[in-house]
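Coordinate inspection notes
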Amino acid sequence: MNITSQKGDILKTEAEVRVVGIYEGEDWENSFIQRLGEETGGKLQINAKKKDFTGNAGQILSFPDLLIVGLGKSETLSTALREITGSVYSQLQSLPVTHVAFELFGEDDESFDPNQTAQLMTEALLLASYQFDTYKKPKQKNILEEIILIAEDGKDAIKAEKGIKKAKQIIDGVTVARDLVNTPAQDMNPIRLAQTAERIAKLGSHIRVRVYNREQIEKKNMNAFLAVAQGSDVEPRLIHLTYKPEKAKKSIAIVGKGITFDSGGLSLKPADSMQSMKCDMAGAASVLGLFVVLAKLEPNIEVHGIIAATENMPSGKAMRPGDVVRAANKKTIEILNTDAEGRLTLADALVYAQKQKVDTVIDLATLTGACVVTLGEEIAGVMSNNSDLAHKLIESATVVGEELWELPLFGRYAKLVESDIADLRNIATSRYGGTLTAGLFLKEFIEEGQKWAHIDIAGPAYAERPLSSYIGKGGTGYGVRTLVKWIESL
Ligand code: BES
Ligand code: MN
Ligand code: ZN
């Protein structure tokens, strides 16, 4: 699907369908009658009355060659723009059309920003058109070939092109993340994940990648990571991507949980809970997706992407409940539940990340079912030792439409992850507050003074039902757009 921008009058543009936006309560009929003539305009008016079309956000009044779309109130348009555009896309998909022209929504507004509007609309269109068709011919093929975003003003059309280009670059990264998550674990194991990282590194001249095998990981004393890996027949990989521009203002590390399949290990998951566990590398997928975007956007920030990739499997070689391991920072961990494996791999990955001497470390992880209980399937949780960082991340998430909410790292629960025979235990002694105790466990691997935030994406990383009008079932690429926005704000 090709998206471009062009100067013109939407109602006079050649296209199979033209899409025009109307504000709630706007007296639009008269202007349409003027622009389309008495007869057509009059028919529109009658139809709108019949269908109770008021211009509420997302409402669509559809005619063979024209869709009139409710934009809601102008104040809320920028936040609703993706959702509205996504609804239009699904409407278009039910029509046998290939060429569609959109008006840039909100064009008559004082605060109208053609670049931004085009970016948001393009993002929604591209996200909505996503299909994962590696293993199945889609029932409904995308027949939409060409979308033109029409600007009244020639300068605006040029600005819109910039927004379109940026959206394409960002959604390329999100799409990579979604594909990685959707690919079955049999085909997306640690080796394949590392190969993907190597491919991505070739996309940008400032990107390097290092991949470490089991022996090399052993030399790094990452025994918590290795404990998880020891039950699997597939080798683990430590993946370290670096994006290093010539003059970096700041440096950050993003750690992604990379469990390519989480069976639970000997603390085996029940069948139902295991069904979607190919998604347990969604944090890693978002890190890889982010690097696809970095290659193109080239921000002035040094970025390290770190993934401790392994399966979590039961076998004769698997870690046992009760085993004690020594993580790379020398702390000992009593493994009481092998299904709390993410924090084991992250512990060592976080220690490794801090060796890169970065200003900020962020980890993204499908870490706890408890987070889904707390915040539901559409909202991720953030915990941080720096409230400014947490707020900046939440702000970035809000702007891109990825919901994020802060949860506390209260020290009073730290005692719940203390072990009788080791420094830590990998599950808390209480089953309540599971997201918080997981966060507190990770905090034990963060050095004094290191700015850090942990984002639990167990809910929104993998959608069992559509997340919005523009993000359907399956891998969502959650986090890529938030991180891009946040990096741009540094
Ligand atoms: N990968 C799971 C968490 C998860 C659950 C992700 C649902 C996505 C959707 C994680 O490794 C896990 O199994 N966590 C356990 C922790 C428990 C044993 C303390 C959980 O949440 O039950
Ligand atoms: Mn688990
Ligand atoms: Zn897991």
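Residues numbered from 1 in each chain as written. Chains lettered and ligands numbered in written order. Predicted model: local features only at pLDDT ≥ 70, side-chain atom pairs only at ≥ 80, totals over all residues. Heavy atoms only, no water.

1. A closer look at the nonpolar core
Residues F102, L193 and V303 are the most contacted members of the largest nonpolar core, which totals 92 residues. A per-element tally of this core places helix α10 (residues 282–297) first, with 11 residues. For this core, the domains that each give at least three residues are domain 1 (2–162) and domain 2 (183–489). In terms of nonpolar packing, the next biggest core, distinct from the first, is built from 49 residues, A253, I333, A347 and A353 among them. (Core = buried A, V, L, I, M, F, W, Y, C linked by side-chain atoms within 4.5 Å. Buried < 20%, exposed > 50% of the residue type's maximum accessible area, 1.4 Å probe, protein only. Helix = DSSP H or I, 4+ residues; strand = E, 2+ residues; numbered from the N terminus. Domains from an automatic or database assignment.)

2. Concerning the coordination of the zinc ion (ligand 3)
Within the protein, K257 (NZ), D262 (OD), D280 (OD) and E341 (OE) serve as the donor atoms for the zinc ion (ligand 3), at 1.9 to 2.4 Å. Given six donor atoms and angles of 79 to 174° at the metal, the environment of the zinc ion (ligand 3) is assigned as octahedral. Of note, the donors binding the zinc ion (ligand 3) are all from one chain and are spaced K-x4-D-x17-D-x60-E. A separation of 3.1 Å is found between the zinc ion (ligand 3) and the manganese ion (ligand 2), both of which receive a donor from D262. Using a relative accessible area of 3% as the deciding quantity, one classes D262 as buried. (Donors = N, O, S within 2.8 Å, 3.2 Å for Na, K, Ca; no water. Tetrahedral: all angles 85-135°; square planar, octahedral: opposite > 155°, others 65-115°.)

3. What about the sheet that holds strand β16 (residues 424–425)?
Strand pairing in a sheet relies on backbone hydrogen bonds. The paired strands run either parallel or antiparallel. Read across the sheet, three strands follow the order β11-β12-β16 without closing on themselves; strand pairing throughout is mixed. In the strand order of this sheet, the two ends are held by β11 (324–326) and β16, each with one partner. As judged from the two bridges shared by strand β12 (residues 332–334) and β16, these two strands associate in the parallel manner. Counterpart to I333 in the pairing with β16 is L424. (Pairing = 2+ DSSP bridges.)

4. With respect to a negative patch on the surface
On the surface, E26, D27, D108, E152 and D153 cluster together into a negatively charged patch. With respect to the secondary-structure elements, E152 resides in the loop between β6 (146–151) and α5 (154–182). Overall, the relative accessible area of 45% leaves E152 in the partly exposed class. (Patch = residues over 30% accessible without salt bridge, like charges linked within 9 Å, V, L, I, M, F, W, Y side chains within 5 Å. Areas by Shrake-Rupley, 256 points an atom, 1.4 Å probe, with all protein chains shown as cover. Salt bridge = Lys/Arg side-chain N within 4 Å of Asp/Glu carboxyl O. Lys, Arg positive; Asp, Glu negative; His and termini not counted. Charge placed at Lys NZ, Arg CZ, Asp CG, Glu CD.)

5. Notes on the site of ligand 1
For ligand 1, the set of nearby residues contains 15 residues, the closest of which are K269, D280, D339, E341 and G369. Between ligand 1 and the protein, one listed contact pairs an oxygen atom with a side-chain N or O atom of D262 at 2.9 Å. Contact distances for ligand 1 include 2.8 Å between a nitrogen atom and a side-chain N or O atom of D280. Starting from 520 Å² of accessible surface for ligand 1 in isolation, the protein chains cover 76%. Judged by its atoms lying within 2 Å of the grid points, ligand 1 is housed in the largest pocket. The class makeup of the residues in the shell around ligand 1 is four nonpolar, four polar and seven charged. (Near = heavy atom within 4 Å. Polar contact = N/O pair within 3.5 Å; in protein donor to acceptor, adjacent residues only side chain to side chain. 1 Å grid on protein atoms, 1.4 Å probe; cavity = no way out; pocket = protein on both sides within 12 Å on 5 of 7 lines; lining within 4 Å. Sits in = over half its atoms within 2 Å of the grid points. Nonpolar A, V, L, I, M, F, W, Y, C, P; charged D, E, K, R; others polar.)

6. Describing the coordination of the manganese ion (ligand 2)
At 2.1 to 2.2 Å from the manganese ion (ligand 2) lie its protein donor atoms, namely D262 (OD), D339 (O), D339 (OD) and E341 (OE). Taken together, the six donor atoms surrounding the manganese ion (ligand 2) define angles of 70 to 167° at the centre, an arrangement classified as irregular. Positions of the donor residues of the manganese ion (ligand 2) along the chain correspond to the pattern D-x76-D-x1-E. A relative accessible area of 0% means that E341 is categorised as buried.

7. Regarding the sheet that holds strand β2 (residues 17–22)
Overall, mixed pairing links the six strands, which are arranged β1-β6-β5-β2-β4-β3 in an open sheet. Either end of the sheet is taken by a strand with one partner, and the two such strands are β1 (2–7) and β3 (60–63). The mean inter-strand angle of the sheet, taken between neighbouring strand axes irrespective of direction, is 20°. Most of the contacts of helix α3 (residues 77–93) go to strand β4 (residues 66–70), to which it runs at about 150°, and overall it touches β2, β3, β4 and β5 (99–103). Along the sheet face, helix α4 (residues 114–128) touches β1, β5 and β6 and points at about 165° away from the line of β6. (Axes fitted to C-alpha atoms, helices over the stretch in contact; angles between N-to-C directions. Contact = heavy atoms within 4.5 Å.)

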